[in-house]
Amino acid sequence: MTKSKNQDLQKAFGQHIRKLREERNLSQEELYDLAGLSKNQIGNIERGEINTTISTAFAISKAFNIHLSELFQFDYPNQTVVS
């Protein structure tokens, strides 16, 4: 398997999802039930193994009861800003 050019970003996003989930004292099972996702999907996201779709991100944000944009408010050290 070749490394995705977005793998580091996927991992950072997954770590952020895990942090948000743990702050709410939710298990992965509770989160996937609340979000209506498949059993393994939350684990795959948290490990950075999959590139999450916007509809999945929206379902997670609804489960956390936060605005979708808050899911994307995390530090990513390789981020470059193009102006």
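Rules of the game
Residues numbered from 1 in each chain as written. Predicted model: local features only at pLDDT ≥ 70, side-chain atom pairs only at ≥ 80, totals over all residues. Heavy atoms only, no water. Helix = DSSP H or I, 4+ residues; strand = E, 2+ residues; numbered from the N terminus. Contact = heavy atoms within 4.5 Å. Buried < 20%, exposed > 50% of the residue type's maximum accessible area, 1.4 Å probe, protein only.

Moving on, we get to the environment of Ile-54. Tracing the chain through its elements places Ile-54 in helix H4 (residues 54-64). Separated by 14 residues in the primary sequence, Ile-54 and Leu-68 place their C-alpha atoms 9.1 Å from one another. Beyond its immediate chain neighbours, meaning those up to four positions away, Ile-54 contacts Leu-68 and Phe-72.

Before going further, it helps to examine the side chain of Ser-61. You can see Ser-61 is positioned in helix H4. Apart from the residues within four sequence positions on either side, Ser-61 is in contact with Ile-66, His-67, Leu-68 and Leu-71.

Here we take up H4. The complete set of buried residues in H4 reads Thr-56, Ala-57, Ala-59, Ile-60, Ser-61, Ala-63 and Phe-64. Looking at the buried side of H4, the elements it contacts are helix H1 (7-23), helix H2 (28-35) and helix H3 (41-46). Taken from the residues just after H4, Asn-65 is the one with a positive phi, measuring 60°.

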